[in-house]
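What follows is the residue order along each chain.
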Amino acid sequence: MKLKQLLVIVPMLAVMCACGNKNVLRENLKDYPYDKYLSKVTSSNTKADAKEAALAEIKNIFATLPSDQQSQARRENILSLAKIAKTWKIKQDNGEKRYYAMAVLERQPAMEALQPYYTGYDAKIESLTKKLNEEQDKFVRIKNALTMEKLLKERNHLDDEYKILSYDATPYNEELLYNARSAYNRAFYEIKISSKITGDDRETVKTPIIDTLNTLGFQVGENLPNADIDLVMKVYVDKYESQTTKGLNWCTSTATVNLKDLATGGIFATYSKTEREGSARKETAQLRSLITAGQDAALAVKQKVLEYLERK
């Protein structure tokens, strides 16, 4: 019988509640406690199929994570440590026998198998952390921080796997991560962006832009002293009734942005985007168009500031 022909594949808790073998499972969990093992229990009409299904379940623990060729090879290496720990059978009410299998993956050896993949990332991150702490030029620091950000994002794929394998989801090499992120945050915080946003209902457009820049770690404020970048935005709103559909109101919101390097006085990026939204209520059409304009402008400003700092 093939895997797809199995009648039942049930997780541990469902078996414990529904199958009358609580005592068996309780004893199995004493031998394979959850803090030390990942475990899956399945059942079928034959022992071989129950074992096959249990291993398939345990090897499916990374299924929700994105994957590529490299991650697939890494996960196959880790999951090769999975094994069948126990099998047993239960006589059902109709007199037929049902076979159960428990597959386990011991957490510690699995985490140790993952650790060598961290080596390349952590060596580079440690080196960049040192550079960030020693570098005097804040624009060189921000370039190093942007490089570190890419490394940390790539390393996150390992962290997602490590959290699944670990009992308490403690990150690997937690001290290194803390030091790296502290240096990274300081680098961004030293860049100051002075903002001046004017025009119609500017707060609706202003809020997502300022929030996005603050989330990155920049200091942002109106007329900020000793700023590095000047952000000037104007918001225009145009409301009008539809010429073709009775009761439909349109609102067009336009956000125009200039970004200036205050040290040189040169404008290094401009942005202008118009968004139109319609509604039976004029106020709803205006709010929708302003929100969309603000969200689009926030993404554009973020991208243009980061691109400029990376090449400065």
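Preceding this section is the structure that the text describes.
Here's a quick rundown of the structure. (Residues numbered from 1 in each chain as written. Predicted model: local features only at pLDDT ≥ 70, side-chain atom pairs only at ≥ 80, totals over all residues. Heavy atoms only, no water.)

**Description of the sheet that holds strand β2 (residues 83-91)**
Item 1. Pairing is antiparallel across the open sheet formed by 3 strands, whose spatial order is β1-β3-β2. Either end of the sheet is taken by a strand with one partner, and the two such strands are β1 (37-44) and β2. Adjacent strand axes in the sheet meet at a mean angle of 20 degrees, parallel and antiparallel pairs treated alike.
Item 2. For β1 and strand β3 (residues 97-106), the ladder comprises 8 bridges, and the chain directions are antiparallel. (Pairing = 2+ DSSP bridges. Helix = DSSP H or I, 4+ residues; strand = E, 2+ residues; numbered from the N terminus. Axes fitted to C-alpha atoms, helices over the stretch in contact; angles between N-to-C directions.)

**Notes on the packing of aromatic side chains**
Item 1. For the structure on display, the rule yields 9 aromatic pairs.
Item 2. When the ring of Tyr34 is compared with that of Tyr167, the centres are 6.0 Å apart and the planes differ by 75 degrees; the resulting orientation is edge-to-face. A residue pair is termed long-range when its members are at least 10 positions apart, and Tyr34 in the loop between α2 (22-31) and β1 and Tyr167 in the loop between α7 (138-165) and α8 (174-189) qualify at 133 residues. An identical accessibility class is assigned to Tyr34 and Tyr167; each is exposed.
Item 3. With centroids separated by 4.5 Å and ring planes inclined at 40 degrees, the aromatic side chains of Tyr118 and Tyr172 adopt a geometry described as tilted. With Tyr118 in the loop between α5 (107-114) and α6 (119-134) and Tyr172 in the loop between α7 and α8, the pair connects residues that are 54 residues apart, well separated along the chain.
Item 4. Each residue in the set Tyr118, Tyr162 and Tyr172 is aromatic and connected to the rest through ring pairs, giving one cluster. (Phe/Tyr/Trp six-rings, centres within 6.5 Å; stacked < 30°, edge-to-face > 60°. Buried < 20%, exposed > 50% of the residue type's maximum accessible area, 1.4 Å probe, protein only.)

**Let's talk about the sheet that holds strand β8 (residues 266-279)**
Item 1. Strand order in the open sheet formed by 5 strands is β5-β4-β6-β7-β8, and the pairing between neighbours is mixed. What marks the edges here is a single partner per strand, and that holds for β5 (219-222) and β8. Put simply, the sheet's adjacent strands are angled 20 degrees from each other on average, direction ignored.
Item 2. Sheet analysis places strand β7 (residues 249-261) next to β8, joined by 13 bridges and oriented antiparallel.

**With respect to the pattern of salt bridges**
Item 1. This model, assessed by the stated rule, comprises 16 salt bridges.
Item 2. Linking Asp122 and Arg155 is a salt bridge whose minimum nitrogen-to-oxygen distance equals 2.6 Å. Of the two residues, Asp122 is situated in helix α6 and Arg155 in helix α7; the sequence distance between them amounts to 33 residues. Arg155 carries the same exposure label as Asp122, and that label is buried.
Item 3. The salt bridge partner of Glu149 is Lys153, with a shortest N-O separation of 4.0 Å. Highlighted residues: Glu149 and Lys153, both in helix α7, separated by 4 residues, approximately one helical turn.
Item 4. The exposure class assigned to Glu149 is buried, which follows from its relative accessible area of 18%.
Item 5. Relative accessible area serves as the criterion here: at 51%, Lys153 is assigned to the exposed category.
Item 6. What you see here is one network of salt bridges that share partners, running through Arg74, Arg75 and Glu161. (Salt bridge = Lys/Arg side-chain N within 4 Å of Asp/Glu carboxyl O.)

**What about the environment of Gln136?**
Item 1. As for its position among the elements, Gln136 is in the loop between α6 and α7.
Item 2. By relative accessible area, Gln136 is classed as exposed at 68%.
Item 3. Considered as a pair, Gln136 and Leu216 are 80 residues apart in the sequence and their alpha carbons are 21 Å apart.

**So, the layout of surface pockets**
If you roll a probe as big as a water molecule over the atoms, it shows you where there is empty space left.
Item 1. Of the voids in this model, the largest pocket is the one considered here, and its volume is about 220 Å³.
Item 2. Looking at the largest pocket, the residues that line it are Pro66, Ser67, Asp68, Gln70, Ser71, Arg74, Arg75, Tyr117, Tyr121, Glu154, His157 and Leu158.
Item 3. Broken down by secondary-structure element, the contributors of at least two residues to the lining of the largest pocket are α4 (69-79) and α7.
Item 4. For the lining of the largest pocket, the element with the highest residue contribution is α4, accounting for 4 residues.
Item 5. Grouping the constituent residues of the lining of the largest pocket by class yields 4 nonpolar, 4 polar and 4 charged.
Item 6. One number sums up the size of the second largest pocket: a volume of about 150 Å³.
Item 7. Lining the second largest pocket are Lys59, Asn60, Phe62, Ala63, Ser67, Gln72, Arg75, Glu76 and Leu79.
Item 8. Residue composition of the lining of the second largest pocket, by class: 3 nonpolar, 3 polar and 3 charged. (1 Å grid on protein atoms, 1.4 Å probe; cavity = no way out; pocket = protein on both sides within 12 Å on 5 of 7 lines; lining within 4 Å. Points joined across faces, edges and corners; volume = space filled by probe spheres on them. Nonpolar A, V, L, I, M, F, W, Y, C, P; charged D, E, K, R; others polar.)

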